[in-house]
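The chain contents come next:
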Amino acid sequence: MAILKIARMGHPVLLARAAEVDDLTTPEFARLLADMAETLADSGGVGLAAPQVFASLRVFLFHVPASRSDTGAALPLRAIINPVVTPLSPEKVLGWEGCLSIPGLRAAVPRFRSIRLTGLAPDGARVDEELTGFAARVVQHETDHLDGILYPMRMEDFRYFGYNEELERNPAPLPEI
């Protein structure tokens, strides 16, 4: 396994729609997933999409620590291949997001409160589940990467965009939407 370099905002790989994964069984794909898992663990993040490591494929990894879970229960690390996200209602909520490809910054981004996630697991099993809160936010963020969308493209109010250190020194409550 290896820790991979992370593409930063401005690189064209982050602005392109990633290709569907056709063959889950190749050694190269298994190595990519293992390297992505090691890279994510090293970064301290909660999600990583293949385009962020210069692989334009529709796959991401994510997990939700118990401390960030709405239910208090952790979601273990998993890979989702060829994901499709469907909102379960039109309700959106603002929440803070950062990104490994945009280091040192974060912003308030509107996301659907609850979603249905479908796709494939690495063993080819179908994934079909409903997610809410922080888990839904992470999945929407990572799926956006597969469509060439970075979180600033989703922002509606740039007053809630800044460097992590400044936002920690000068916290602002988020408005309801």
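Not measured: the values here are computed from a predicted model.

Asker: Describe the sheet that holds strand E2 (residues 59-64), listing the residues and the values that go with them.
Answerer: Pairing within the open sheet is antiparallel, and its five strands lie in the order E1-E2-E3-E6-E7. With one partner strand each, in any of the chains shown, strand E1 (47-49) and strand E7 (126-132) form the two edges of the open sheet. In this sheet, neighbouring strand axes are inclined to one another by 40 degrees on average, regardless of whether the strands run parallel or antiparallel. The strands that helix H1 (residues 27-43) touches are E1, E2 and strand E3 (75-87); relative to E2, the one it contacts most, it runs at about 35 degrees.

Asker: Which residues make up unusual backbone geometry, and what values do they have?
Answerer: Non-glycine residue Phe-54 carries a positive phi angle of around 65 degrees. Tracing the chain through its elements places Phe-54 in the loop between E1 and E2. Residue Phe-54 is classed as partly exposed on the basis of its relative accessible area of 37%. Even without glycine at this site, Asn-82 takes up a positive phi of about 50 degrees. A residue is classified by how much of its surface remains accessible, and Asn-82, at 15% relative accessible area, is buried.

Asker: Would you mind going over H1 in detail, with residue names and values included?
Answerer: Spanning 17 residues, H1 covers 24 Å between terminal C-alpha atoms, matching the ideal 24 Å at 1.5 Å per step. For H1, the set of buried residues is Phe-29, Leu-32, Leu-33, Asp-35, Met-36, Thr-39 and Leu-40. Immediately downstream of H1, the backbone of Gly-44 shows phi near 80 degrees, a positive value.

Cut-offs used in this document
Residues numbered from 1 in each chain as written. Predicted model: local features only at pLDDT ≥ 70, side-chain atom pairs only at ≥ 80, totals over all residues. Heavy atoms only, no water. Pairing = 2+ DSSP bridges. Helix = DSSP H or I, 4+ residues; strand = E, 2+ residues; numbered from the N terminus. Axes fitted to C-alpha atoms, helices over the stretch in contact; angles between N-to-C directions. Contact = heavy atoms within 4.5 Å. Buried < 20%, exposed > 50% of the residue type's maximum accessible area, 1.4 Å probe, protein only. Expected span 1.5 Å × (residues − 1).

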